Amino acid sequence: FTPSPTLASYLALLSSPPYQSQFTIVLFLAFFALIHSGLAGLRHKITPAVGERAYRIVFALLSLPNAVLAITYFIAHRYDGFQYLHIQGLPFTHNLVVLLTTISFLFLYPATFNLLEVAAIKKPTFKIYETGIQRITR
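The rules behind each value
Residues numbered from 1 in each chain as written. Predicted model: local features only at pLDDT ≥ 70, side-chain atom pairs only at ≥ 80, totals over all residues. Heavy atoms only, no water. Helix = DSSP H or I, 4+ residues; strand = E, 2+ residues; numbered from the N terminus. Buried < 20%, exposed > 50% of the residue type's maximum accessible area, 1.4 Å probe, protein only. Contact = heavy atoms within 4.5 Å. Salt bridge = Lys/Arg side-chain N within 4 Å of Asp/Glu carboxyl O. Phe/Tyr/Trp six-rings, centres within 6.5 Å; stacked < 30°, edge-to-face > 60°. Expected span 1.5 Å × (residues − 1). Axes fitted to C-alpha atoms, helices over the stretch in contact; angles between N-to-C directions. Parallel < 35°, antiparallel > 145°, perpendicular 65-115°, else oblique. Left-handed = near helix turned anticlockwise from the far one by under 90°. Nonpolar A, V, L, I, M, F, W, Y, C, P; charged D, E, K, R; others polar.

## A few points about the overall build of the protein chain
In terms of regular secondary structure, the protein chain is built from 7 helices and 0 strands. From first element to last, N terminus to C terminus, the protein chain shows the α and β order α-α-α-α-α-α-α. Residues classed as buried in the protein chain amount to 15% of the 138 residues present. Look at the contacts in the protein chain between residues 6 or more apart in sequence, and 54% of them connect residues 24 or more apart.

If you want it as structure tokens, here you go:
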């Protein structure tokens with residue numbers, strides 16, 4: 001595969017200093033999605049060979065470091081590049097962020113009801129998020 005001149009120039013632009021961190025975070029997130037979704041999709045083939053608990057441990061050992069890496073990189077480079085919205089000084093910004101964070105926590109909390117299950121130590125038994133928005137946001 002030989003990239004077209006347009007694609008090559010676009011990739012060169014993305015890897016240049018003003019956009020380098022945006023390109024890097026997209027790669028980190030794509031790699032995390034590939035690992036996370038790929039292992040989830042292969043669960044039915046892997047678990048008969050290694051067992052349910054070993055699968056959950058391997059899944060956690062591969063997914064968590066990639067998630068931590070992507071989040072850490074994002075936090076370290078959150079002010080790089082062009083700023084699309086200039087809303088830090090507006091009076092509603094802080095309250096909006098607190099409200100959205102609270103809502104996301106309320107949807108996420110049922111999925112972490114038993115932390116031993118989240119940490120892949122104990123087999124999940126209680127599923128409060130079978131349907132609806134809690135299944136999507138878990």
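Now that the structure is up, let's keep going.
## Some thoughts on the pattern of salt bridges
Applying the stated criterion across every chain yields a total of 2 salt bridges. Glu 52 is the partner of Arg 43 in a salt bridge, and the nearest nitrogen-oxygen pair spans 2.0 Å. In this structure, Glu 52 engages Arg 56 in a salt bridge whose closest nitrogen and oxygen atoms are separated by 3.8 Å. Remark: Arg 56 and Glu 52 occur in helix 4 (residues 52-76); sequence separation between them is 4 residues, near one turn of the helix. The partly exposed category is assigned to Glu 52, whose relative accessible area is 28%.

## Some details on the packing of aromatic side chains
Per the counting criterion, the structure on display carries 2 aromatic pairs. Plain terms: the ring middles of Phe 28 and Tyr 73 are 5.2 Å apart, the flat faces sit at 80° to each other, and that makes the pair edge-to-face. Remark: Tyr 73 occurs in helix 4 and Phe 28 occurs in helix 2 (residues 20-41); sequence separation between them is 45 residues. Judged by relative accessible area, Phe 28 falls into the partly exposed class, the value being 25%.

## Side note on helix 4
Helix length check: helix 4, at 25 residues, gives a terminal C-alpha distance of 36 Å against a target of 36 Å (1.5 Å per residue), a fit within 8%. When helix 4 is considered as a whole, its buried residues turn out to be Tyr 55, Arg 56, Phe 59, Ala 60, Ser 63, Asn 66, Ala 67, Ala 70 and Tyr 73. On the buried face of helix 4, the contacting elements are helix 2 and helix 3 (43-50).

## Re the packing of helix 3 against helix 4
Helix 4 packs onto helix 3 with a crossing angle of 120° between their chain directions and a minimal axis gap of 7 Å. Between helix 3 and helix 4, the interaxial angle falls into the category oblique. Note that helix 3 runs across helix 4; the crossing there is right-handed. In this structure, helix 3 uses Arg 43, Ile 46, Thr 47 and Val 50 to contact helix 4, whose residues at the interface are Glu 52, Ala 54, Tyr 55 and Arg 56. Counted by class, the contact of helix 3 with helix 4 contains 4 nonpolar, 1 polar and 3 charged residues.

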